[in-house]
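# A closer look at the structure
Okay, here's what each chain looks like letter by letter:
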Amino acid sequence: MAVTFGPLLLDDEANTQLKPTFEPVLRLYYVELWKDGAVLDVHGSGEWLETAAYAVDTVDAFLAEHGVRPLTGTERADLHGGLLQAKGGAGYEVLTRQIARRS
């Protein structure tokens, strides 16, 4: 079973998306806020988001700064999965095995 997480579409009308990313050299997570096909801002820029969980836990404040609604529980889980996928490695492998067992 191939499990992939793509950008999270937050507002279809406003064309607002979140894209999970990982910087392997610095080993930091980032969440890009896109609007109308361009990066509006990056959550984690100037911060140290060393874990996917911390990035997800702090993203709602970032979204509020831009007038975007907070994430739902499902969106938070999808963002966490997307961050793990962006990094790759053991954390993502464990997540995909857990998802496979549930289906």
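Everything that follows concerns the structure shown earlier in this document.
The notes below deal with the structure included here. What you see is a predicted model, and the numbers here were worked out from it, not measured in a lab. (Residues numbered from 1 in each chain as written. Predicted model: local features only at pLDDT ≥ 70, side-chain atom pairs only at ≥ 80, totals over all residues. Heavy atoms only, no water.)

## Examining the side chain of E75
Applied cut-off: Elements are defined by DSSP. Helices are runs of H or I of four residues or more, strands are runs of E of two residues or more, and each kind is numbered from the N terminus. Any N or O atom pair separated by 3.5 Å or less is treated as a polar contact, with the protein-specific requirement of one donor-capable and one acceptor-capable atom, and with residues adjacent in sequence counted only for side-chain atom pairs. Two residues form a contact once any of their heavy atoms are found within 4.5 Å.
Tracing the backbone through its elements, the reader meets E75 in helix α2 (residues 73–87). Reaching out from E75, the side chain makes a polar contact with the backbone nitrogen of T72 at a distance of 2.9 Å. Beyond its immediate stretch of four places on either side in the chain, E75 contacts L8, L9, L10, R69 and P70.

## A look at the pairing of strand β3 (residues 28–35)
Successive side chains on a regular strand alternate, one facing one side of the sheet and the next facing the other. Spelled out, the test is: Only protein chains enter the accessibility calculation, which uses a 1.4 Å probe. A residue is then buried if its area is under 20% of the maximum for its type, exposed if over 50%, and partly exposed in between. Two strands are said to pair when DSSP picks up at least two bridges between them.
By the criterion of burial, β3 is predominantly enclosed, with six of the eight residues buried. Where strand β2 (residues 16–23) lies against β3, eight bridges are found, and the strand directions are antiparallel. Residue E23 lies in a different strand from β3, and its bridge partner there is L28. Here β2 folds back onto β3, and the loop between the two strands holds four residues, one of which, R27, carries a positive phi near 60 degrees. Pairing analysis gives five bridges linking β3 to strand β4 (residues 38–43), with the strands arranged antiparallel. When the bridges of β4 are listed, V31 appears paired with H43. Two successive antiparallel strands, β3 and β4, enclose a turn made up of two residues, where D36 displays a positive phi of approximately 55 degrees.

Keep in mind that these numbers describe shape and distance, not what the molecule does.
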